[in-house]
Each structure stands twice: as C-alpha cells, then as structure tokens.
Amino acid sequence: MNSRQLVLGRIRAALGDTPATPVDVPREYRPAGSAAVDLDLLVHRLTDYRATVHRCADGEVAQVIDRFLGGRRIVIPPGLPRHWLPDTVAAVIDENLTAEQIAAVDGVVTAAAVAVAETGTIVLDADPDQGRRIISLLPDVHVCVLRADQVVASVPDALARVAPHRPLTWISGPSATSDIELNRVEGVHGPRQLHVVILPPA
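A quick note: this is a predicted structure, and the numbers were derived from the prediction, not measured. All residue numbers refer to positions counted from 1 along the written sequence of the respective chain. Only residues with pLDDT of at least 70 get local features here, since the model is predicted, and only at 80 or more are side-chain atom pairs given and counted; chain-wide, interface and lining totals rely on the full set of residues. In computing side-chain properties, one takes all heavy atoms of the structure into account and sets aside hydrogens as well as water.

### Concerning the overall build of the protein
Put simply, the rule is: We count a stretch as a helix when DSSP gives it H or I for four or more residues in a row; a strand needs E for two or more, and each element gets its number in order from the N terminus. In this setup the radius of gyration rests on C-alpha atoms only. A globule is expected at 2.2 Å times the number of residues raised to 0.38. For the exposure calls, accessible area comes from a 1.4 Å probe over protein chains only, and a residue counts as buried if that area is under 20% of its type's maximum, exposed if over 50%, partly exposed in between. Here, two residues are considered to be in contact whenever any of their heavy atoms come within 4.5 Å of each other. Positive charges come from Lys and Arg alone, negative charges from Asp and Glu alone, with His and the N- and C-terminal ends not counted. Note on charges: their place is set at NZ of Lys, CZ of Arg, CG of Asp or CD of Glu.
Scanning the protein for helices and strands turns up five helices and 12 strands. In summary, the protein has a C-alpha radius of gyration of 22 Å against a globular reference of 17 Å for 202 residues, an excess of more than 25%. Taken over the C-alpha atoms alone, the protein extends approximately 75 × 40 × 35 Å along its principal axes. Buried positions account for 38% of the 202 residues belonging to the protein. Put simply, 69% of the contacts in the protein that link residues at least 6 apart link residues at least 24 apart. The protein carries 19 positive and 24 negative side-chain charges, and their two centres are separated by 6 Å.

Below is the structure:
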C-alpha cells in the first residue's frame, strides 16, 4: 500500500457509508427581477469604494471629463461616442495598441454594459464602446460613462443582461489592495482613480 492509498483509505473510513442516492442541494437563489433598482444605492456603494460619481446629461459629459482629464492624453475604445470627449484631451483610439503604448497614456474613457446597485459593481463586456479589457486596467484614471437604465438591482439581474461568452470585467471602485501591514494601496492592479458618469436613461 502506498501513501496515496493510505490517505484515501483513511478518508473513506472517516466518511463512513455514503448514501446510495444523491443528496438534494437546496438552490433557493434569488432570481433576477426580485428587487427594485435603487440608483442612490449604487452611488452610495461607488462612493464608499472611493470612486467619484458625477450625474449629468449626455451633452454635459465632455465638460465633466474636461475637469479631470483636460490637457491630458487618453486612450478610447473604437466605438466610444466622440461627443463625450472635450477638445482639450488628446484621444488615441485603441486599434491593437501595445501594453506599453496604453500604459503611457494618462487615462481611459469607456462606456459600460451594466452596473449592479447592490454591490456597486460596473461590468464591461468588450463592446466597441468599452474596448479591450487591457485599456481599463493600465491607465491611471478610468472614466466610465453609464446610463441610468443600465443599472440593475442585483448580480442575477446583471448576469441576465450579459452574454456569458464575452470577456467580462467587473469593477468595484478603483484598484486597491492591502500590504502585509494592512495598509491600503491603490493602483497596483488597475487605475488609482475611477470616475463614474451617470446619465439619464436613453
């Protein structure tokens, strides 16, 4: 008898006789659509995660972006609405830019696929107005423009809106982690600053 057989034998002895029929596992998950959407809750969660939230009309997005990215060089996905960008930014379209080129810019502006009010999470799914995942991870500042009708109440609601085969990026606030002394460190795995611009429903 080798060590593997010995360990497995001890496990079998500890478990005793196994039931002949599979055990029913309760799956009383909360279904999609079981709660009302609370936009204020999303704002509260995002703010708690140290994101900055701006609420404005579609025609005011450029003014908001100008306040914290004006005069800077940014990367944008190919399908981003151009009227969101102020004339004061130098926008580089991501047409298979290298990681070094993306890391060299000051910020990124994207749209979003859906946002979860309960968890304060924004989901990107690589649509043309959101772009490749890498452009939302390397720049220091991420501006994400979101419509109010893209906000859902819970994670099941969000999963019902996205395609499972898409490359999904789930964002809850700026990138943050803790060092060995539990000191918060931002920007290690992504942008140090997250600005969320919330627009009225389409």
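### Description of the pairing of strand β2 (residues 73–76)
Selection rule: At least two bridges found by DSSP between two strands is the condition for calling them paired.
Where β2 lies against strand β3 (residues 90–93), four bridges are found, and the strand directions are parallel. Among the inter-strand pairings, Val75 is bridged to a residue of β3, identified as Val92. Two strands pair when backbone bridges link them, and β2 and strand β4 (residues 107–110) are joined in this way by two bridges, in the parallel orientation. What sits directly across from Val75, in β4, is Val108.

### Concerning the sheet that holds strand β12 (residues 193–199)
We count it as follows: In this description, a line fitted to the C-alpha atoms serves as the axis of each element, helices being fitted only across the stretch in contact, and the angle between N-to-C directions of two axes falls anywhere from 0 to 180 degrees.
Strand order in this open sheet of six strands is β1-β12-β7-β4-β2-β3, and the pairing throughout is parallel. Two strands close off the open sheet at either side, each with one partner strand: β1 (52–55) and β3. Mean inter-strand twist for the sheet, computed between neighbouring axes without regard to direction, equals 25°. Bridge count for β1 against β12 is four bridges, and the pairing is parallel. Bridged to Thr52 within β12 is His195. Where helix α3 (residues 61–69) meets the sheet, its contacts fall on β1, β2, β4, β7 (141–147) and β12, and the angle it forms with β7 comes to roughly 165°.

### Section: unusual backbone geometry
The phi torsion at Arg50 lies on the positive side, around 75°, for a residue other than glycine. For Arg50, the position within the fold is in the loop between α2 (39–48) and β1. Among the residues examined, Arg50 registers a relative accessible area of 52% and is labelled exposed. The backbone of Asn96 sits at a positive phi, close to 60°, despite the residue not being glycine. Residue position: Asn96 is located in the loop between β3 and α4 (99–103).

### What about the sheet that holds strand β6 (residues 121–124)?
Strand order in the open sheet formed by four strands is β8-β5-β6-β9, and the pairing between neighbours is mixed. Only two strands of the sheet have a single neighbouring strand rather than two, namely β8 (151–152) and β9 (169–171). The sheet contact formed by β6 and β9 spans three bridges and is antiparallel. Residue pairing in the sheet places Val123 in a bridge with Trp170 of β9.

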